[in-house]
Amino acid sequence: MSVLSELFQLHVLLPWLLGMLFGIFVGATPGLTATMAVALIVPVSFYMPDPNTGLAMIIGVSFTAIFAGDIPATYLRIPGTPASAAATLDGHQLAKQGRGRFALLIDLFCSSIGGLVGVTLLILIAPQLARFALKFSNFEYFWLAIFGLSMSAVVSSGNTRRGLLAAAFGMLLATIGLDVVSGAQRFTFSNPELMGGLGFIPVMIGLFGVSEVIRSVLSGFKAEDSNTTNSDKGDSALHSLVAIWKHKFTVIKSSMAGTIIGALPGAGADIAAWAAYGLEQRTSKKGANFGKGEVAGVVAPTSANNAAVSGAWIPALVFGIPGDAVTAIVLGALMMYEIKPGPLIFEQNPEQINAIFLIALITQLLLIPCGYLGLKTFGWLLKLPRSMIMVAVLVFSVVGSFSLRNSIFDVYVMAIFGLVGYFLEAKRVPLAPLILGLILGPMVEENFRTGLIKSEGSLLPFLNRPICAFLVLLLIVAFISPLLLKRIRRKPAKLV
Amino acid sequence: MPNKGKQQNSGDLWLGLFFICVTLAVLVLSSSIKSIGLGNNFDPGPKAFPIGLSLLLAAGGVFEFIRRNPARLREEPVRGEAKSVLLLLAAFAVYVILLPWLGFAISTLIMATTMMMILGNPWWSALSLSLVLLTIIYILFVLFFRVHLPSGVFGMPF
């Protein structure tokens, strides 16, 4: 109870709500992503008087930014975040029929319900999985990290080969600094700022914030000329709730699917949204109406994308392996708060875990008033000059990068990675595997080398332990199955 | 989900060169990595991972280079906004260099105004918007969140 009452103190609640409103602003602005919102809020969260306030801000931003991306998706046909792309299909059609508010209210309530289902599953599954994870040693963690990295490359958008290269590049960047096993300096150039490695947050801000600004300017801030905010009929919340009740099984089904998909490393809310949309389209009796303003076409992806954010926390809390880029940044922040994710945290620090669970639950409820405010003010957001938004992002990026360690070096790191991020995305190299490589690289290396020391140089324990063998098999299946599926799909064409 | 089929086999010249250059840099710099000798404890050492990863990148880079699509090299480069981006990057580079000297307030005001003018705003609009932005940052970050920002040689409050 004491954690619960603490969370409702003004010094916690106010920054929490401000953080959520910031998430709404960033998520609703096309071109600014949920990942960027979290990356920008993390440095600010460190200035909060206690860790729970900082965590509340970060968790609040991650959920609201995902929902807020659906607002421009519906009114402008421009997803505010990649996770909102699936909601564009039917949401915008409803907006063209003068029912944009109706669609977004459905969206808001479904996001909240999806998040609640996801957090509930997180609370039920994570502690059980943590007990199982206590059997893991260096050998199992090594393969788990490799599995996480490989999955992120396989499922990420674009080329699997480039995804793997991105993961390898991220792992290489993670070797900068002092070697954990031997203490040797690697690629530090005798610069004390590099002894602890590259600053994780400035790298994130550069990759997601600065690179996006470059991309937006280069694209000339083009926007679809389909602003439908003015033609809204103004449906009430009751109409939306009635519609959700009629699709209650879709909500539950999509939320559960979203949670499971979100738990897969690299999958993320965008894949969860598309998967839920596709599943509902194939199984619904009104499948042919999808894409024409079908309510189920809004319910499914919007329930799934917020549920996926919770799902991503499952491997993150239990194994320290983030499910997506947003959770990767949050994990980095947790470590800076000296909260080390892993199975032991459930036994050694249950108050902290309970606080995280409570914050995640309450955030789903606070999402409704914050999201409603976002819906009301979206028209005002559209009036802001795009150039001001882009310059503001750059300035916030500088503030965020500098404020962590009062270091101008971190600003230089951010600027460099802004260019690197732009270049890699222009070459269709996905950034999610790169971030996972940066986070999981030390886990891979440390567990491999420590495992080798324990096994006196033998590689056998990496293969003959049951959990290791299972993980290796999963890895092989993950790589082979897309190729097999491709062959199976080609066969009917050959028979014609 | 995007179609991965055709993308799997075509490479990219610049991406290939990027990864090859990274590999060469790592191989050269790795020679200066010194490890503390603890006897034969079966640890492959601090150089193993960087070198192994860079060789993976090299393999990928060579593949990208060999399988580069010549048609894409002949494509028209993106013009139009490219000049704006270069000017923006130059302004940003000058900004981060001058930031510790001029302090956050002065350098940000100059940078934000310049950038907004590059992006097509008239000078008075760019200056006004920059002042609004600076005010928001001061209230939010300096006063409310108590973030410390560079004050520069002029001893500005932020």
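Attention now moves to the overall build of chain B. The number of helices and strands found in chain B is seven helices and zero strands. Secondary structure elements of chain B, listed N to C terminal, follow the sequence α-α-α-α-α-α-α. Restricting to contacts in chain B with at least 6 residues of sequence separation, those with at least 24 account for 66%. About 9100 Å² of surface is accessible on chain B, with carbon and sulfur atoms providing 70% of the total.

Moving on to the nonpolar core. Taken as a class, soluble globular proteins show a tendency for nonpolar side chains to be buried jointly. W16 and M204 of chain A together with F104 of chain B are the most contacted members of the largest nonpolar core, which totals 206 residues. At 13 residues, helix α7 (residues 100-133) of chain A tops the list of elements feeding residues into this core. The contact partners of W16 of chain A, leaving out residues within four places of it in the chain, are L7, A56, M57, G60, I359, I362, T363 and L366 of chain A. In this structure, A86, A273, F290 and A296 of chain A belong to the second largest nonpolar core, which totals five residues.

Residue and element names in this part refer to chain A. Phi is positive for S190, close to 55°, though the residue is something other than glycine. Position of S190 relative to the elements: it lies in the loop between β2 (185-186) and α10 (200-218). Relative accessible area serves as the criterion here: at 62%, S190 is assigned to the exposed category. Positioned with a positive phi, E456 is a non-glycine residue whose angle comes to about 55°.

Aromatic rings in a pair are described by how distant their centres are and how their planes are angled relative to each other. For the coordinates displayed, the defined rule picks out 15 aromatic pairs over all chains. Here F448 of chain A and F49 of chain B contribute two aromatic rings whose centre-to-centre distance is 6.1 Å and whose plane-to-plane angle is 55°, an arrangement assigned as tilted. Here F49 of chain B lies in helix α3 (residues 48-66) and F448 of chain A lies in helix α21 (residues 432-454), a pairing that spans two chains. Judged by its relative accessible area of 19%, F448 of chain A is buried. Here K248 of chain A stacks its cationic end above the ring of W245 of chain A, 4.5 Å away from the centre of that ring.

Below, the discussion takes up the side chain of S112 of chain A. All names here are of chain A. Counting through the fold element by element, S112 comes out in helix α7. The class of S112 is buried, set by a relative accessible area of 3%. In contact with S112, other than residues within four places in its own chain, are Q364, L365, L367 and I368.

All told, the structure shown has twelve salt bridges over all chains when counted by the stated rule. A salt bridge links D410 of chain A to R405 of chain A, with the shortest nitrogen-to-oxygen separation between them at 2.8 Å. Residue D410 of chain A is classed as buried on the basis of its relative accessible area of 1%. Across the pair D12 of chain B and K427 of chain A runs a salt bridge whose closest N-O atoms are separated by 3.4 Å. In this pair, D12 of chain B is assigned in the loop between α1 (5-9) and α2 (13-30) and K427 of chain A in the loop between α20 (408-426) and α21, connecting two distinct chains. Under the relative-accessibility criterion, K427 of chain A is labelled buried at 16%.

Any two packed helices are characterised by how steeply their axes cross, that is the angle between the axes, and by the distance between the axes. Residues and elements named next belong to chain A. For the pair helix α3 (residues 34-45) and helix α19 (residues 386-405), the least separation of the axes is 8 Å and the interaxial angle reads 45°. By the angle between their axes, α3 is oblique relative to α19. The handedness of the crossing between α3 and α19 comes out as left-handed. Each of M36, L40 and P43 in α3 lies in contact with α19, whose residues at this interface are V393, F396, S397, G400, S403 and L404. Tallied by class, residues from the contact of α3 with α19 come to six nonpolar, three polar and no charged.

Considering all chains together, one arrives at one cavity of 30 Å³ or more under this definition. When its volume is computed, the largest cavity comes out at roughly 50 Å³. Every residue lining the largest cavity is listed: V210, V213, I214 and L394 of chain A together with L88, L89, F92 and M115 of chain B. Where the lining of the largest cavity is concerned, the elements lending two or more residues are α10 of chain A together with α5 (82-102) of chain B. When grouped by side-chain class, the residues that make up the lining of the largest cavity number eight nonpolar, no polar and no charged.

This part covers α19 of chain A. All names here are of chain A. Here α19 contains 20 residues, and its C-alpha end-to-end distance of 30 Å stays within 8% of the 28 Å for a straight helix at 1.5 Å per residue. Along α19, 17 of the 20 residues are buried, which leaves the element largely enclosed by surrounding structure. One or two positions beyond α19, positive phi appears at N406, with a value near 50°.

Chain A puts 70 residues into the contact, and the matching count from chain B is 69 residues. Of the roughly 6000 Å² buried between chain A and chain B on both sides combined, carbon and sulfur atoms contribute 79%. Viewed at the interface, chain B and chain A are joined by four salt bridges. Put simply, chain A and chain B have five residue pairs in polar contact (both at pLDDT 80 or more) between them. Secondary-structure elements contributing two or more residues to the side of chain A that touches chain B are α2 (10-28), α8 (138-155), α9 (160-173), β2, α10, α19, α20 and α21 of chain A. Among the elements that make up the side of chain A that touches chain B, the one with the highest residue count is α19 of chain A (eleven residues). A per-class count over the side of chain A that touches chain B returns 47 nonpolar, 14 polar and nine charged.

What follows deals with the packing of helix α12 (residues 248-262) of chain A against helix α13 (residues 268-283) of chain A. Residue and element names in this part refer to chain A. Contact geometry of α12 with α13 gives a least axis separation of 9 Å together with a crossing angle of 140°. Between α12 and α13, the crossing angle belongs to the class labelled oblique. The element α12 and its partner α13 pack so that their crossing is right-handed. Facing α12, whose interface residues are T250, K253, S254, G258 and I261, α13 presents G268, I271, A272, A275, A276, E280 and T283.

Turning our attention to the domain arrangement of chain A. Think of interface size as the accessible area that goes away when the parts come together; that is how it is often given. All names here are of chain A. If you check the domain split of chain A, you get domain 1 (2-226 + 237-463) and domain 2 (465-496). Buried surface at the junction of domain 1 and domain 2, both sides included, amounts to about 1200 Å², of which 80% is carbon and sulfur. When the area that domain 1 buries against domain 2 is broken down by residue, the three leading residues are E140, W143 and F147, summing to 41%. Our enumeration of links across domain 1 and domain 2 arrives at one salt bridge.

Before going further, it helps to examine a nonpolar patch on the surface. Together, L10, L14, L18, L21 and L373 of chain A together with V132, I136, L140 and F144 of chain B make up a nonpolar patch on the protein surface, roughly 720 Å² of accessible area in all. Mapped by element, the contributors of at least two residues to the nonpolar patch are α2 of chain A together with α7 (123-144) of chain B.

Right, let's talk about α20 of chain A for a bit. The end-to-end C-alpha separation of α20 of chain A is 27 Å, in line with the 27 Å expected for 19 residues at 1.5 Å each. All of the buried residues in α20 of chain A are I408, F409, D410, V411, V413, M414, A415, F417, G418, V420, G421 and L424 of chain A. As for α20 of chain A, its buried residues are in contact with α9, α10, α19 and α21 of chain A together with α2 and α5 of chain B. Between the side-chain oxygen at the start of α20 of chain A and the backbone nitrogen of F409 of chain A there is a gap of 3.2 Å, and the oxygen is on S407 of chain A. Of the residues flanking the end of α20 of chain A, it is R428 of chain A, one or two places downstream, whose phi is positive at about 60°.

Conventions used here
- Residues numbered from 1 in each chain as written.
- Chains lettered and ligands numbered in written order.
- Predicted model: local features only at pLDDT ≥ 70, side-chain atom pairs only at ≥ 80, totals over all residues.
- Heavy atoms only, no water.
- Helix = DSSP H or I, 4+ residues; strand = E, 2+ residues; numbered from the N terminus.
- Contact = heavy atoms within 4.5 Å.
- Areas by Shrake-Rupley, 256 points an atom, 1.4 Å probe, with all protein chains shown as cover.
- Core = buried A, V, L, I, M, F, W, Y, C linked by side-chain atoms within 4.5 Å.
- Buried < 20%, exposed > 50% of the residue type's maximum accessible area, 1.4 Å probe, protein only.
- Phe/Tyr/Trp six-rings, centres within 6.5 Å; stacked < 30°, edge-to-face > 60°.
- Lys NZ or Arg CZ within 6 Å of the ring centre and 35° of its normal.
- Salt bridge = Lys/Arg side-chain N within 4 Å of Asp/Glu carboxyl O.
- Axes fitted to C-alpha atoms, helices over the stretch in contact; angles between N-to-C directions.
- Parallel < 35°, antiparallel > 145°, perpendicular 65-115°, else oblique.
- Left-handed = near helix turned anticlockwise from the far one by under 90°.
- Nonpolar A, V, L, I, M, F, W, Y, C, P; charged D, E, K, R; others polar.
- 1 Å grid on protein atoms, 1.4 Å probe; cavity = no way out; pocket = protein on both sides within 12 Å on 5 of 7 lines; lining within 4 Å.
- Points joined across faces, edges and corners; volume = space filled by probe spheres on them.
- Expected span 1.5 Å × (residues − 1).
- Buried area = accessible area lost by both parts, 1.4 Å probe.
- Polar contact = N/O pair within 3.5 Å; in protein donor to acceptor, adjacent residues only side chain to side chain.
- Domains from an automatic or database assignment.
- Patch = residues over 30% accessible without salt bridge, like charges linked within 9 Å, V, L, I, M, F, W, Y side chains within 5 Å.

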